[in-house]
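Results of the structural survey
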Amino acid sequence: MLGFGETEFEAIALSLKVALTASLLSLVPAIAVSYWLARSQSALSGIVSAVVHLPLVVPPVVTGYALLIVFSPNGWVGSFLENTIGLEIAFRWTGAALAAAIMAFPLLVRPLRLAFEAVDPGLEQAAGSLGANRWRVFATISLPLAMPGLIAGLVLAFAKALGEFGATITFVSNIPGETQTLALAIYSFLQSPTGDEAALRLVLLSIALSVCAVLLSEWLSMRIARRSRAA
Amino acid sequence: MNLSVDITASLGAFELETKFEAVPGVTALFGRSGAGKSSVINMIAGLAMPTSGRISCGGRVLFDATKAINLPAHRRCVGVVFQDARLFPHMSVLRNLTFSSRVGGSTISRDRLDEIVELLGVGGLLHRNPTDLSGGEKQRVAIGRTLLSNPQILLLDEPLAALDEARKQEILPWIEGLRDQAKIPILYVSHQISEVARLADQIVALDNGTVVHAGPVGTVLASLDIDHITGLEEAGSLLVGKVVEGAGDGLSLVDIGQERIKLPGLEAPVGATVRMRVRARDVIVAKQRLEGISIRNQIDSRVVRLSDHNERYVEVVLAVGEQLLRARITREAAGDLDLKEDMPVIALIKTMAFDPLSGSR
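Now for a description of the structure that goes with this document. Think of each chain on its own: its residues are numbered from 1, step by step along the sequence as written. Just so you know, chain letters begin at A and ligand numbers begin at 1, following the order they were written in. Since the coordinates come from a predicted model, pLDDT governs what is reported: local features require at least 70, and pairs of side-chain atoms require 80 or more to be given and counted, while whole-chain, interface and lining totals use all residues.

Moving on: the overall build of chain B. Helices and strands together make up the secondary structure of chain B, namely 10 helices and 21 strands. The C-alpha radius of gyration computed for chain B amounts to 22 Å, which stays within 12% of the reference 21 Å derived for 361 residues, consistent with globular compactness. Seen through its C-alpha atoms, chain B measures out along the principal axes to roughly 70 × 50 × 35 Å. Long-range contacts, defined here as pairs at least 24 residues apart, represent 68% of the contacts in chain B between residues at least 6 apart. Going along the chain from the N terminus, every DSSP run of H or I of four or more residues is numbered as a helix, and every run of E of two or more is numbered as a strand. It is over C-alpha atoms that the radius of gyration is taken, and the globule rule equals 2.2 Å times the number of residues to the power 0.38. By the convention adopted here, residues are in contact when the distance between their C-beta atoms, placed from the backbone, does not exceed 7 Å.

Have a look at this one:
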């Protein structure tokens, strides 16, 4: 039952690589956008929020197709990246990571924005009056206090990136060893008449991975909560 | 180094138009809730922006509308103690105290830290978490944290308002100690006349965003038209004197200039300066000294001002040496005594009518 074949190993390793890259890739932009959304009173924030949440509501195929248009070797960003820094995205694992990052982005932003909104602006004012400039206020007060939200968001985003299917298969296709992540491998095995057993193994594995991720996040949040209580 | 404020701002309900100077020592920013006190504090601290005007401290301009100067809060060197303490919940008390040095706001020497820790009595709390502290302890830590940022102006925004009476009494001595040691302007926002009388050297009274009175605490409290801010029952005056004899028979003898008055036993040592507040309704006016009476204080004074802007009673301002004392008597009594300005009278005050607001300055 646990005898993973080479294709399956490749899919597992690739999925972890893609999910990790996607989470890290979206981390800094997500922090910036969530903080801005939490603190901004600008009328623009509604529009930004809608755009950020778009991948959550449009069919993943549509997101994948949009990525394909923009990032394919003929697309305007794709050709620019390839000509300037030689980075190929379409039909490569980097593309899978990009698709996963965009699909996971709203899941990272949502809890993070709520966490930033829960940070008392009075504490930021107090830090400012003690001589901390805006960056320092953010680094010493806002971000540490939003840490539980950040971790919850990261775990959600990681799990989403691990299982992303529609946008990935549309954007980077289903190439074993390059873009065939767990979800795509399960799909391929299910298409073949002899793949049932392999598909089941991967299904169980992906469930186990997701459960581990959630447990990890619970443990981290508990640690942070305990530390901030006992510090 | 004086703090000088001359600002206008639109606060929705009214136009704020405030102008005053604060010298080193405690200046009370006094007024009812909603008078604009906290707005003024926020504008001095750089947390809100006036529409026009100027705020400066010594030679440093913090805000000047005409020159488009508006220093950000972190560069103003203005320390604020907020009503709700605002300790950082994810840091220990010690890390809260030294926060300013970690973010480049100040440098804190070991000696200075020890000094502040001792001044505010927070030595036992250093490794505790802010959420485990009582309200009074939190406020002491907040004051220490602000002092350790080396402010050139200290703003205390109703630091006692969120505390119950026992906690207030616990923290007031620390603020008095602060007043006697700090050499910077301290603005103390309050709507409690007893706090103001106890702590302030100067008063700036605000009403609807405008300064209605400014001056030394004794003078402002004795002026008659401040009653609508203090509340009629609380209206009174402040006497300052030196303890000349310790408590014999449970009494202390206090020198207030030409006169000596008796107070309930004070803890203050001989030589210490004490402040005493007495309500206008507790002062009796007589034409001569009386005998066979329980009242211990019969003070020679002179009528400075009479007012009858209320039909039921007459407000009398008396001069006792350099200090002012207020008495509120019925219209009938004022008529019987035939009180006139400049007339010498005796002010009778029960020892027990004084609120001794200890203090060491």
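Counting its regular elements, chain A contains 11 helices and 0 strands. Listed by position from the N terminus, the elements making up chain A come as α-α-α-α-α-α-α-α-α-α-α. Dimensions of chain A along its principal axes, counting C-alpha atoms only, are 65 × 45 × 30 Å. Residue burial here comes from a neighbour count, namely the number of other C-beta atoms, placed from the backbone, that lie within 10 Å of the residue's own C-beta, with 20 or more meaning buried, 12 or fewer meaning exposed, and in between meaning partly exposed. Split into buried and exposed, the 231 residues of chain A put 42% on the buried side.

Each partner contributes to the interface: chain B provides 25 residues, whereas chain A provides 19 residues. Elements represented by at least two residues in the side of chain B that touches chain A include exactly β7 (78–81) and α3 (99–102) of chain B.

With that out of the way, let us pick up the sheet that holds strand β19 (residues 323–330) of chain B. All names here are of chain B. Strands were regarded as paired on the criterion that DSSP finds at least two bridges between them. Read from one edge to the other, the open sheet built from 5 strands follows the order β16-β20-β17-β18-β19, with strand pairing classed as antiparallel. A strand with exactly one partner marks an edge of an open sheet, and here the two such strands are β16 (283–286) and β19. The mean inter-strand angle of the sheet, taken between neighbouring strand axes irrespective of direction, is 45 degrees. Note that strand β17 (residues 297–307) and strand β18 (residues 313–320) share 5 bridges and pair antiparallel. When the sheet's bridge partners are listed, arginine 302 is paired in β18 with alanine 319. To get an axis, fit a line to the C-alpha atoms, keeping to the stretch in contact for a helix; angles then go from 0 to 180 degrees between the N-to-C directions.

Let us look at the environment of A:Leu112. Residues and elements named next belong to chain A. Checked against the element boundaries, leucine 112 lands in helix α5 (residues 93–118). In this structure the C-alpha to C-alpha distance between leucine 112 and alanine 38, which are 74 residues apart in sequence, comes to 9.0 Å. With residues up to four places along the chain from it excluded, the contact list for leucine 112 reads Ala30, Ile31, Ser34, Ala146, Gly149, Leu150 and Gly153.

Quick look at the pairing of β16(B) now. When a strand is regular, its side chains alternate between the sheet's two faces. All names here are of chain B. Of the two faces of β16, only the one carrying Val283 and Val285 is buried; Ile284 and Ala286 on the other face are not. Where β16 meets strand β20 (residues 344–349), 4 bridges bridge the pair, whose relative direction is antiparallel. When the sheet's bridge partners are listed, valine 283 is paired in β20 with isoleucine 349.

Further remarks concern helix α5 (residues 135–147) of chain B. Residues and elements named next belong to chain B. End to end, α5 covers 18 Å across 13 residues, agreeing with the expected 18 Å (1.5 Å per residue, within 8%). Taking burial as the measure, the 13 residues of α5 include 12 buried ones, the bulk of the element. Turning to α5, its buried residues number three or more, namely Gly136, Glu137, Lys138, Gln139, Arg140, Val141, Ala142, Ile143, Gly144, Arg145, Thr146 and Leu147. Here the expected span of a helix is defined as 1.5 Å times the quantity of residues minus one.

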